[in-house]
Amino acid sequence: MIIATLHSWARRNLFANLIDSILSILIVTALGWLLTVFLRWVIWDAYWQRIYESLRLFLVGQFPEDQTWRAWVALALLCTAVGAVLLPWSRRLGVAIWLIACGAAVFVLVPPGLDRWGGLLLSIMLTVVVSTASLPLGILFAFGRSSRNPSLRACCTGYIEVMRSVPLILVVYWIWITVPLFMPEVSISSLARGMIGYTVFNAAYVAEYVRSGLQAVPRGQREAARSLGMSNWTISTEIVLPQALRVVQPALVGNVLDVFNGATLVFIIGLMDFLRAGQLILVDPAASGQTNEVYLFMFAVYFVIGSAITFGSRRMEAHMHRSTR
Amino acid sequence: MIEAKTKLWRSSLATPSVKRYVARVRYKLTHGAVVAAVIGLLILIALAIHQNLTSRGIDFSFAYLSAPSRFGISEGLAPVWTGWAPIFESVDATSSNLGMLEAGLFNTLKVALLAITFSTLVGVVLGVLRLSTNWLVRNLAFAIGEFIRNTPILIQLMFWYFAVLLQLPSSGSATKVSKWLVVEQSGVFLPLPHLSDSAGPASGFFVAVAIAFLAAACLRRFPARWRIALLGVGLCAIGASYALGFGINLDWPVLGRFGATGGLHFTPEMSAILITIIVNSAGYISEIVRGGIEGLAKGQWEAAAALGLSRGDTIRDIVLPQVFRIIIPSLTNRYISLTKDTAIGIAIGFPELFNVSGTVANQSGRDFETVIVVMTIYLLLSWLISALANFVNRRIALERA
Amino acid sequence: MMVASNDFGTTKVAFDKVNKFYGPFQALRDVTLSVTTGEVVVLIGASGSGKSTLIRCVNGLETFHSGSLVVEGFSMPTIKDLEFGGGEKALRQIRRGVGMVFQQFNLFPHKTVMENIALAPMRVRGKSREEAQATAMRLLERVGLRDHAQKYPGMLSGGQQQRVAIARSLAMEPHVMLFDEPTSALDPELVGEVLDVMRELRTEGMTMMIVTHEMAFAREVADRVIYMDKGAIVEEGPPAQIFDKPISDRTRTFLSRVLKH
Ligand SMILES: Nc1ncnc2c1ncn2[C@@H]1O[C@H](COP(=O)(O)OP(=O)(O)O)[C@@H](O)[C@H]1O
Ligand SMILES: [Mg+2]
């Protein structure tokens, strides 16, 4: 029975015609050979001890050793936050818990000093803070760009277009050097400046996603609300925005992945994120032979986290398609 | 209550023009205020920075751009204007800061143009493969795209540079892969086509004629007979130019004791960033292409199948031409992203625009001015790409109209 | 037609020589029309004849270029008034007294039936949540949807959605109700339930302007039928006159086309 289904599946999907059959055999052979070589290396030849020894540097960078509990608490808080927005209960409650938990995570991590954040901890916290902060900013700019008020529209359009035309690394670097130039009295840590720069940059992208959502809300919705005498503020916040956000939710989650991936670029302002930590390990002559191990490890971590986010985004999209008729 | 409000409204109704005037004045005042506030804020920031700079004895000026740079970069050409056409020359410590930025822009453009071309080719192939009838091919293409899109581009660059290119056999003991391709630690070498020495202006003229006629022969708007005639004339022109001594020679890479020389040489940095961006963008383009193909109306596939076209023919003749029209906006965005992505070259020391600008800023102490210059250049680049895309889009729309 | 300043007690809606353009295209031509309290006016006409445009002017969803429109004593701002951001307040004031029901229902899909109905009274009229929900419940009962209060619009049939939409408008306690083809998007077997609600509104003395293609219904409920063509009112009168002995040839042609089926 199962053999028969398997057989017919293979007939259809692997050996449908001559070319497919040849391709299938070639690919199976090549993949099999690659996999054997790869697995043999991973299991016998690779020196994973180095990764294990450097795990601390990878995960939290130079975070003080006696303060490690803070990282654990932050991790727990972040898991709570993610869980809260994933669970299908009240959206408002989910967002509230997200804000509180993320705020608490930042709060817990601050005492050792922002300069001590590093490794995966830094990459994740940067992503969380930047994604969270750029959403309200992005919403404001999206409304601004679709406003009927010409001056507001011009300013918001200009901002969005400029930000979307220049590289992230340039914006982060620029804000990093400029902030102390016009606020010389206060000293702001590199990480905070990086977060500001990254948020300023990412808000423009979020704004464009949100704007596409605003445009996707049918005109009749606004008209119905207007015919009930609602003010523009009520219409925007209660009728249009919730529907727009629902439409662009998958895209916004996809943006979180972009933020996470882009967070590698903060090396430019001297921060040590996960990728940078790996490079530092490789600079150490003792580890120079472990290039492949280090890159494989980093690729694996990035790929797992990235795939999880992509998976979430895809599921949201599928869910949305199912629930709209 | 309602009565009172009504009265009020009605009494103001008596002078609608006054009301309208008030509304207009208020409208203009509001917008004036908003614009003024934004400009004011920007001026305030600029003033604060300026004051800060002057307090440190630095003034704001772009004069430094023409001063000698006093540093060198590993590769990059800057245009030197002697007459009506620029000559590209390599830059050194005596070149001006502006020349350095130009060389950086040259490198950025070089990578961007090559990457746009090749990532489109690879991406389209990968995207079409995702619709293969073969399960393995389909899913392999999917997995590759997924891996590329779910990992940061920077680690991909690091990987290609540190884990692949720099791990190659060192110069001298080069691995000569073939006559056509030499790969070693000092970079990638390809044969370089160049004009034969005997080529003169006359043969050049015939080449130009040939190109013009052959290009015209490719236009579909001419009837078939015309196109064959154009093709014939073009071929004759090629023959004439060849007879007049025009030719293209290949400059082969030569292996030497201290590494390969000659031919078309890509430094390891250039190779790494080019490979990274091509592969990375191909991953995104494959997704764009697949989305475009799947977004195409089912009716097109069915109509083609009803006509008895094979799957390959359907994709090539029916689907892809339509898909390209659909995906031009997404492709444009990708090309803009790709151009901006070249800025990560700084991570491996490739002297692209952002990297060079950093050095210029450091050497001259002019962070602020340099950033303004560089930002403007990136803005112009992005606008240029969108303008080109809009132009293409409009041309296509016109042709179909 | 003159609108005397003291008769807005009985005149709810008064159009006077209203003209409206979409670019060069004229959608309303010198429309003059008044609707008195408790009157039911039905607009008929071919598609594109400007019925929707006319009815949407009454609550300011469309603006017009010239002429005047007075709704419940409030003068509707024209395009020129609104151009520089004035007149918004006046518009909202008018909308409070005028309810509208759309062809596509336009319920808010992210809110429950209850929230759909209670939102505007709370936000616009400043009612308390309890008060608004009590009113909503009463209205739901009236349109026969008591049990569906906690459902989302997507879970209801078209007829049920349209009845919710009517309840939502009624919650604002309007003095005038506008209906723009309320049954055109419904399956034939669902049309009746919506028309029933409208009949009931009529018996309660609601002033209504209705655009519809249900000619039998028009004949039944209308105090006055208005036939429109190319943006102008061609003929108006009691249903018996319009349907049985129309004066204009255009009216006759139109009616013979729609009544044949
Ligand atoms: N937003 C618009 N832009 C341009 N033309 C419009 C617009 N809305 C309506 N029209 C035109 O105005 C005319 C009247 O439309 P409408 O009032 O909707 O007609 P009806 O409701 O009688 O079918 C139609 O010819 C329509 O094409
Ligand atoms: Mg209509």
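Since this is a predicted model, take the numbers as computed values, not measurements.

(A) Local environment of the overall build of chain B. Within chain B, the regular secondary structure consists of 12 helices and eight strands. Since a compact globule built from 401 residues should have a radius of gyration of about 21 Å, the 29 Å found for chain B marks it as more spread out than a globular shape. Looking at the 401 residues of chain B, the share that counts as buried comes to 39%. Partitioning the contacts of chain B with sequence separation of at least 6, the portion at a separation of at least 24 is 72%. Summed over all atoms, the accessible surface of chain B reaches about 21,500 Å², with 68% contributed by carbon and sulfur. Here chain B contributes 32 positive and 21 negative side-chain charges, whose respective centroids are spaced 15 Å apart.

(B) Up close: the side chain of Asn19 of chain C. Tracing the sequence through the fold places Asn19 of chain C in strand S1 (residues 11–22). With sequence-adjacent residues up to four places away left out, Asn19 of chain C is seen in contact with Gln26, Leu28, Arg29, Asp30, Phe64, His65 and Ser66 of chain C.

(C) The arrangement of the packing of aromatic side chains in detail. Inspection of every chain in the model, using the stated rule, returns 19 aromatic pairs over all chains. Arranged with centres 6.1 Å apart and planes meeting at 35°, the rings of Tyr173 of chain A and Trp176 of chain A form a pair that is tilted. Placement of both Tyr173 of chain A and Trp176 of chain A in helix H9 (residues 168–182) is noted, with a separation of three residues, approximately one turn of the helix. On the basis of relative accessible area, Tyr173 of chain A is assigned to the buried category, the value being 14%. Consider the rings of Tyr227 of chain C and Phe254 of chain C, whose centres lie 5.1 Å apart with planes at 35°: the pair is tilted.

(D) Quick look at helix H10 (residues 249–259) of chain C. Residue and element names in this part refer to chain C. The set of residues buried in H10 consists of Thr251, Phe254 and Leu255. Buried residues in H10, looked at end-on, bunch into an arc of 95°, giving them a common side. The inward-facing, buried residues of H10 contact strand S3 (40–45), helix H8 (215–221), strand S9 (224–229), strand S10 (232–237) and helix H9 (239–244). If you check the start of H10, you find a side-chain oxygen 3.0 Å away from the backbone N of Arg250, and it comes from Ser248.

(E) Main features of the sheet that holds strand S2 (residues 25–36) of chain C. All names here are of chain C. Taken in spatial order, the four strands of this open sheet run S2-S1-S4-S5, and their pairing is antiparallel. The open sheet has two edge strands with one neighbour each: S2 and strand S5 (74–75). Two elements, S1 and strand S4 (residues 66–71), share five bridges in a ladder whose sense is antiparallel. Bridging across to S4, Val13 finds its partner in Val71.

(F) Structural context of the domain arrangement of chain B. Taken domain by domain, chain B consists of domain 1 (77–191 + 252–396) and domain 2 (201–249). Using only C-alpha atoms to locate each centre, domain 1 of chain B and domain 2 of chain B end up separated by 31 Å.

(G) Local environment of the pattern of salt bridges. Per the stated rule, a full pass over the model turns up 31 salt bridges over all chains. The closest approach of N and O atoms between Glu146 of chain B and Arg314 of chain A, which form a salt bridge, is 2.9 Å. Taken together, the positions of Glu146 of chain B in helix H4 (residues 135–149) and Arg314 of chain A in helix H14 (residues 291–323) put the pair across two chains. Overall, the relative accessible area of 36% leaves Arg314 of chain A in the partly exposed class. One salt bridge connects Arg149 of chain B with Glu287 of chain B, and the closest N-O pair in it is separated by 3.3 Å. Of the two residues, Arg149 of chain B sits in helix H4 while Glu287 of chain B sits in helix H8 (residues 268–295), which places them 138 residues apart along the sequence. Through salt bridges with shared partners, one network takes in Arg314 of chain A together with Arg130, Glu146, Arg149, Glu287, Arg290 and Glu294 of chain B.

(H) Representation of a nonpolar patch on the surface in the model. Together, Leu31, Trp33, Leu34 and Val37 of chain A together with Leu140 and Ile144 of chain B line one region of the surface with nonpolar side chains, adding up to about 540 Å² of accessible area. At four residues, the largest contribution of residues to the nonpolar patch is made by helix H2 (residues 18–45) of chain A. Following the sequence through the fold, Ile144 of chain B ends up in helix H4.

(I) Inspection of the packing of helix H5 (residues 153–164) of chain B against H8 of chain B at higher detail. Residue and element names in this part refer to chain B. The contact between H5 and H8 brings their axes to 9 Å, and the two run at 135°. With respect to H8, the axis of H5 lies oblique. The handedness of the crossing between H5 and H8 comes out as right-handed. Where H5 approaches H8, its residues Ile153, Gln156, Leu157, Trp160 and Tyr161 are matched on the opposing element by Pro268, Glu269, Ala272, Ile273, Ile275, Thr276, Ile277, Val279 and Asn280. Looking at the contact of H5 with H8 residue by residue, the classes come out as 10 nonpolar, three polar and one charged.

(J) Just the site of ligand 1, in detail. All names here are of chain C. Near ligand 1 the following residues occur: Tyr22, Phe25, Ala46, Ser47, Gly48, Ser49, Gly50, Lys51, Ser52 and Thr53. Gly50 has a polar backbone atom sitting 3.1 Å from an oxygen atom of ligand 1. Contact with the protein chains removes 60% of the 560 Å² of surface that ligand 1 exposes when unbound. Ranked by the residues each element gives to the shell around ligand 1, the list is headed by helix H1 (residues 51–58), at three residues. A breakdown of the residues in the shell around ligand 1 according to their chemical character gives three nonpolar, six polar and one charged.

(K) Region of the structure containing the pairing of strand S2 (residues 85–90) of chain B. Residue and element names in this part refer to chain B. Bridge count between strand S1 (residues 77–82) and S2: six bridges; the pairing is antiparallel. The partner of Leu77 across the bridge, within S2, is Ser90. Linking S1 to S2, which pair antiparallel, is a turn of two residues; within it Gly83 sits at a positive phi near 90°.

(L) Molecular detail of the nonpolar core. Within the largest apolar cluster, 180 residues are counted, with the highest numbers of intra-cluster contacts made by Met230 of chain A together with Phe15 of chain C. Ignoring any residue separated from it by four or fewer positions in sequence, one finds Met230 of chain A in contact with Ala225, Ile235 and Ile239 of chain A together with Arg92, Phe108, Leu119, Ala120 and Val124 of chain C. Judged by nonpolar contacts, the second largest core, of 46 residues, contains Ile44, Leu107, Leu201 and Met206 of chain C.

(M) Just the domain arrangement of chain A, in detail. Here chain A is partitioned into domain 1 (2–45), domain 2 (64–111) and domain 3 (116–324). Taking only C-alpha atoms, the centre of domain 1 of chain A and the centre of domain 3 of chain A are 40 Å apart.

(N) Geometry of the packing of helix H6 (residues 158–170) of chain C against helix H7 (residues 188–203) of chain C. Residues and elements named next belong to chain C. Between H6 and H7, the least distance of the axes is 8 Å, while the angle of their chain directions is 20°. It follows from the interaxial angle that H6 and H7 lie roughly parallel. Between H6 and H7 lies a crossing of right-handed hand. Seen from H6, the contacting residues are Gly158, Gly159, Gln160, Gln162, Arg163, Ile166 and Leu170; seen from H7, they are Leu190, Glu193, Val194, Val197, Met198 and Leu201. Considered class by class, the residues forming the contact of H6 with H7 number seven nonpolar, four polar and two charged.

(O) Local environment of helix H11 (residues 219–227) of chain A. Inspection of H11 of chain A places Gly220, Gln221, Glu223, Ala224, Ala225 and Ser227 of chain A among the buried residues, and these make up the whole buried set. Packing partners of the buried residues in H11 of chain A comprise helix H12 (232–262) of chain A together with H1, helix H3 (88–97), strand S6 (98–101) and H6 of chain C. Just past H11 of chain A, the residue Gly229 of chain A takes up positive phi, approximately 85°.

(P) Broad picture of the interface of chain B and chain A. Residue-level contacts link 50 residues of chain B with 50 residues of chain A. Taken together, both faces of the contact between chain B and chain A bury some 4,600 Å²; the carbon and sulfur share is 73%. At the boundary of chain B with chain A, the tally comes to one salt bridge. Here chain B is connected to chain A by 11 residue pairs in polar contact (both at pLDDT 80 or more). Looking at the side of chain B that touches chain A, the elements with two or more residues in it are helix H2 (16–55), H4, H5, helix H10 (311–341) and helix H12 (367–400) of chain B. Broken down by element, the residue count for the side of chain B that touches chain A peaks at 10 residues, all from H2 of chain B.

Thresholds applied
- Residues numbered from 1 in each chain as written.
- Chains lettered and ligands numbered in written order.
- Predicted model: local features only at pLDDT ≥ 70, side-chain atom pairs only at ≥ 80, totals over all residues.
- Heavy atoms only, no water.
- Helix = DSSP H or I, 4+ residues; strand = E, 2+ residues; numbered from the N terminus.
- Rg over C-alpha atoms; globule rule 2.2 N^0.38 Å.
- Buried < 20%, exposed > 50% of the residue type's maximum accessible area, 1.4 Å probe, protein only.
- Contact = heavy atoms within 4.5 Å.
- Areas by Shrake-Rupley, 256 points an atom, 1.4 Å probe, with all protein chains shown as cover.
- Lys, Arg positive; Asp, Glu negative; His and termini not counted.
- Charge placed at Lys NZ, Arg CZ, Asp CG, Glu CD.
- Phe/Tyr/Trp six-rings, centres within 6.5 Å; stacked < 30°, edge-to-face > 60°.
- Arc of directions from axis to C-beta.
- Polar contact = N/O pair within 3.5 Å; in protein donor to acceptor, adjacent residues only side chain to side chain.
- Pairing = 2+ DSSP bridges.
- Domains from an automatic or database assignment.
- Salt bridge = Lys/Arg side-chain N within 4 Å of Asp/Glu carboxyl O.
- Patch = residues over 30% accessible without salt bridge, like charges linked within 9 Å, V, L, I, M, F, W, Y side chains within 5 Å.
- Axes fitted to C-alpha atoms, helices over the stretch in contact; angles between N-to-C directions.
- Parallel < 35°, antiparallel > 145°, perpendicular 65-115°, else oblique.
- Left-handed = near helix turned anticlockwise from the far one by under 90°.
- Nonpolar A, V, L, I, M, F, W, Y, C, P; charged D, E, K, R; others polar.
- Near = heavy atom within 4 Å.
- Core = buried A, V, L, I, M, F, W, Y, C linked by side-chain atoms within 4.5 Å.
- Buried area = accessible area lost by both parts, 1.4 Å probe.

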